[in-house]
Amino acid sequence: MTELYFKDIVAKAENICQTTAQYTHNHRFRRREPFNMETICARLPTSSAISHRPLWQLLLMLGLLFHQTTLLTAELVRELDVSEGVPVGHQIGYIGEQLPGVNSGPPYLIVPVPGSGVDTDLAIDPNTGEIRTKVRLDRETRASYSLVAIPMSGENVRILIRVHDENDNAPTFPTAVMNIEFPENTPRDVKRTLHPARDLDLNQFNTQRYNIVSGNTNNAFRLSSHRERDGVLYLDLQINGFLDRETTPFYSLVIEALDGGTPPLKGQMTVNITIQDVNDNQPIFNQSRYFATVPENATVGTLVLQVYATDADAEENGLVEYSINRRQSDKEHMFRIDAKTGWITVNKPLDFETRELHELVVVAKDHGETPLETTTFVSIRVTDVNDNQPTINVIFLSDDATPKISESAEPGDFVARISVHDPDSKTEYANVNVTLNGGDGHFGLTTRDNIIYLVIVNMTLDRELTPNYTLSVVATDNGTPPLHASKTIYLRVTDINDNAPEFEQAIYHANVMEISDPGSSVLQVYAYDRDEGNNSAVTYSLLDTPDTHSQWFQIDQYTGVITTRTHIDCETEPVPQLTVVAHDNGHPPLSSTATVLVTIHDVNDNEPIFDQSYYNVTIAENEAKGRCILKVSANDPDCGVNAMVTYTMGSTARAISEFEVRPASGEICVAGELDYERKRVYEFPVVATDRGGLSTTAMIKIH
């Protein structure tokens, strides 16, 4: 059967060779294939020699022959579709289906298109025309297959098999990890481009969206994306809130890319974000105030106290150095501080009797480009060093047992009760001599039994002259050599309201523009009350003096700032006089006054006004040169220099040389010879101008 079939095919091939040879001769047709028609036809076996040729050789030669003749004969196209990933052996279709009216049935001679992958990927039955998969198809590797099938009729059937896409590829980022940085002061909405994910699938199976899966602390970031012409969905990372390196210095975002499959396939990338430091934190001390004690015999270099401050910033921005503010404290350099460690040490010999308490202002400053700093206070108390010296106990007899005395105290009033004790003495009350120093004679010491001493007032007190007294109680024992003990009393003199407020000046001078709006500042007066507390609290008021226009002004009762209450008028009163009263808050209150002279500076808002707009005068032609024949007068309602008027001849009168105007007086004088026969009438303008440049004109007519 096979031999008869191939004899029939060979016979048809011989017929094709004859027809092709005639066509080629007539049309000079040339092919560039490795095997041309003449070569194939020359090697074609005769029908009688078929049995002597191998089967594969016959098939190859016949296949090449029929492939070469596809340009010369009609070609049918059969299109088939198959999804990628179908199982091995999946039936794609039959060659002869859906080709009606054509003798396209099997058996077939199959001629794969070179390089189309038909031989490796597809299994084609030439006897039935059935096409099945030989391997799992992959559209991303090969999107289509092409072959030519030649049925018994000899017509060519071109088979095109399209491989349809399936969602078999997940979006893939080019790198698994991406590292970026943001300064912590980066504004909101700033973008940073990230590596996009790419998906080998098409259309909806390509990358469709991105999500942040984890690591987005406080929702600090958000994603945005856009698709460009190359079909890639590009990805941007945006600032969504405010970054703070001290709160969150590092983010590790897991970003997910999803395609449009159901369910979608995913790919992930980790974005490590380092927040760069900005110097936005000042150093902070671990204590708001430090306290230390040091004996007065401490040697230079003795460690006293260590301060410590931390800065939440990083690197140089968080590196702290220490110093003592010498402008505000320790100007004598009694102490020094190590800039790196914060240790405060003794720098000079200390003396308890000279100074018991040292207050240091310590500064901690970071090393940022614009350094930030903070301060703390260090109180160092110097302790007295004595060996078995007498001890002194002081009880103050004020209402609250504090060291104070009213300045109204009379001589003989009690201030304090003093008792002394010597640890070396075996008796309860030691034989100790007590003396009182300081106070400039205002205080004394009295006793009845040499056991209890009383500090009394010797002279009247005045807190405003001396608000504090430092008294020293010295106790000396009778040992050999005697030991001494001292007690310093810092006595505060309390106030009574015995001083009225005092102005800095008895008379103040102020200036204000006439055009000032109500509420404009004029002057600030200040009165000082030498008393203290409520007795020194000063309030201000203005005396109501209508004749000096005090109603034009007002004063702030607490600050003493005088402002305008209404519009003021220089023409009405150029120098209003105000009387300011300062009251204290004592019981009863005391007061004092000061005078404020306010000079109102005029605004040139009025032009000069002539007493008449037209002047007419007749003179003889023999009037002497230099004689004044007329005086014009203009008044300006403004005040000060703006009311001063000068007179000039108008621009149209410059050609007149026979007369002149004296600028200050307004007199019109003869300046040249007059001739009745030559000119009988002169008419010209005179201009009155004030210092502010405003002017008016009057006409002069001389016969």
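Residues numbered from 1 in each chain as written. Predicted model: local features only at pLDDT ≥ 70, side-chain atom pairs only at ≥ 80, totals over all residues. Heavy atoms only, no water.

The chain has the name Cadherin domain-containing protein in an unreviewed UniProt entry, where Stomoxys calcitrans is given as its organism. Quoted verbatim from the Subcellular location (unreviewed entry) field of UniProt, the annotation for the chain is "Cell membrane". (UniProt positions renumbered as here; feature names shortened; annotations may be inferred.)

We now examine the overall build of the chain. The secondary structure content of the chain amounts to 4 helices and 49 strands. Sequence-distant contacts, at least 24 apart, represent 66% of the contacts inside the chain between residues at least 6 apart. Counting only carbon and sulfur atoms, one obtains 50% of the accessible surface of the chain, whose full area is about 38200 Å². (Helix = DSSP H or I, 4+ residues; strand = E, 2+ residues; numbered from the N terminus. Contact = heavy atoms within 4.5 Å. Areas by Shrake-Rupley, 256 points an atom, 1.4 Å probe, with all protein chains shown as cover.)

Counted under the stated rule, the structure contains 1 disulfide. The disulfide partner of cysteine 628 is cysteine 669, and the gap between their sulfur atoms is 2.0 Å. In this structure, the disulfide formed by cysteine 628 and cysteine 669 twists by about 70 degrees around the S-S bond and is classed as right-handed. Of the two residues, cysteine 628 is situated in strand E43 (residues 628–631) and cysteine 669 in strand E47 (residues 667–670); the sequence distance between them amounts to 41 residues. In this structure cysteine 628 comes out as partly exposed when scored by relative accessible area, which is 26%. (Disulfide = S-S within 2.5 Å. Buried < 20%, exposed > 50% of the residue type's maximum accessible area, 1.4 Å probe, protein only.)

The next thing to look at is the pairing of strand E26 (residues 414–421). Taken together, the 6 bridges between strand E24 (residues 391–396) and E26 define a ladder with antiparallel strand orientation. When the sheet's bridge partners are listed, threonine 391 is paired in E26 with histidine 421. Pairing between E26 and strand E29 (residues 452–457): 5 bridges, direction antiparallel. Residue pairing in the sheet places phenylalanine 414 in a bridge with isoleucine 456 of E29. (Pairing = 2+ DSSP bridges.)

So, on to the sheet that holds strand E23 (residues 373–383). If you trace the 4 strands from one edge of the open sheet to the other, you get E16-E23-E22-E19, paired in mixed fashion. The sheet is open, and its two edges are formed by strand E16 (289–295) and strand E19 (320–324), each paired on a single side. Here the strands of the sheet are splayed against their neighbours by 30 degrees on average, with no regard to which way each runs. Where strand E22 (residues 357–366) lies against E23, 9 bridges are found, and the strand directions are antiparallel. Pairing of leucine 360 across the sheet is with valine 378, part of E23. (Axes fitted to C-alpha atoms, helices over the stretch in contact; angles between N-to-C directions.)

For the rest of this paragraph, the subject is the sheet that holds E26. The strand order across the open sheet formed by 4 strands is E24-E26-E29-E28, and the pairing between neighbours is antiparallel. The sheet is open, and its two edges are formed by E24 and strand E28 (443–447), each paired on a single side. Between one strand and the next, the sheet's axes are offset by a mean angle of 25 degrees, whatever the strand orientation.

We now examine the packing of aromatic side chains. Applying the stated criterion to the full structure yields 11 aromatic pairs. Each ring, one from phenylalanine 503 and one from tyrosine 508, has its centre 6.4 Å from the other, and the planes form 80 degrees; the classification is edge-to-face. Grouped by ring-pair contacts, the aromatic residues Phe182, Phe221 and Tyr251 constitute a single cluster. Positioned above the aromatic ring of phenylalanine 182 is the side chain of arginine 192, whose terminal nitrogen or guanidinium carbon lies 4.3 Å from the ring centre. (Phe/Tyr/Trp six-rings, centres within 6.5 Å; stacked < 30°, edge-to-face > 60°. Lys NZ or Arg CZ within 6 Å of the ring centre and 35° of its normal.)

Here we take up the pattern of salt bridges. If you walk through the whole model with that rule in mind, you get 22 salt bridges. Its salt-bridge partner being glutamate 256, residue lysine 266 comes within 3.7 Å of it at the nearest N-O pair. With a gap of 10 residues between them, lysine 266 in strand E14 (residues 266–276) and glutamate 256 in strand E13 (residues 250–259) connect regions that are remote in the sequence. Residue glutamate 256 is classed as buried on the basis of its relative accessible area of 11%. Two residues, arginine 530 and glutamate 502, come together in a salt bridge whose shortest N-O distance is 3.4 Å. (Salt bridge = Lys/Arg side-chain N within 4 Å of Asp/Glu carboxyl O.)

Another aspect to go through is unusual backbone geometry. Residue proline 263 is reached from threonine 262 by a cis peptide bond, and omega for that bond is -5 degrees. Each neighbour pair has its own omega, and for histidine 587 with proline 588 the value is -5 degrees, a cis peptide bond. Note on placement: proline 588 falls in the loop between strand E39 (577–583) and strand E40 (591–601). Although it is not a glycine, histidine 333 sits at a positive phi angle of roughly 60 degrees. Look at aspartate 440: it is not a glycine, yet its phi comes out positive at around 55 degrees.

This part covers the confidence of the model for the chain. Mean pLDDT over the chain stands at 84; residues scoring 70 or higher make up 87%. This stretch, residues 19–37, has a pLDDT under 50; its non-local contacts, to residues over four places away or in other chains, come to 19 contacts. Segment residues 66–73: pLDDT under 50, and 22 contacts once partners within four positions in sequence are set aside and those in other chains are kept. (pLDDT = per-residue confidence, 0-100.)

Quick look at the pairing of strand E38 (residues 561–564) now. Direction of pairing for strand E34 (residues 521–524) relative to E38: antiparallel, over a ladder of 3 bridges. Looking at the pairing, glutamine 524 lines up with valine 561 of E38. The sheet contact formed by strand E37 (residues 553–555) and E38 spans 3 bridges and is antiparallel. Residue pairing across strands places glutamine 554 opposite threonine 563, the latter belonging to E38. A loop of 5 residues connects E37 with E38, the two strands running antiparallel in sequence, and glycine 560 in this loop sits at a positive phi of about 75 degrees.

For the rest of this paragraph, the subject is the environment of leucine 194. Position of leucine 194 among the secondary structure elements: in strand E9 (residues 191–194). Assessed through its relative accessible area of 2%, leucine 194 is described here as buried. When the C-alpha atoms of leucine 194 and leucine 235 are compared, they prove to be 5.5 Å apart, with 41 residues separating the residues in sequence. Each residue touching leucine 194, except ones within four places of it in the same chain, is listed here: Met178, Ile180, Leu235, Asp236, Leu237, Ile255, Met269 and Val271.

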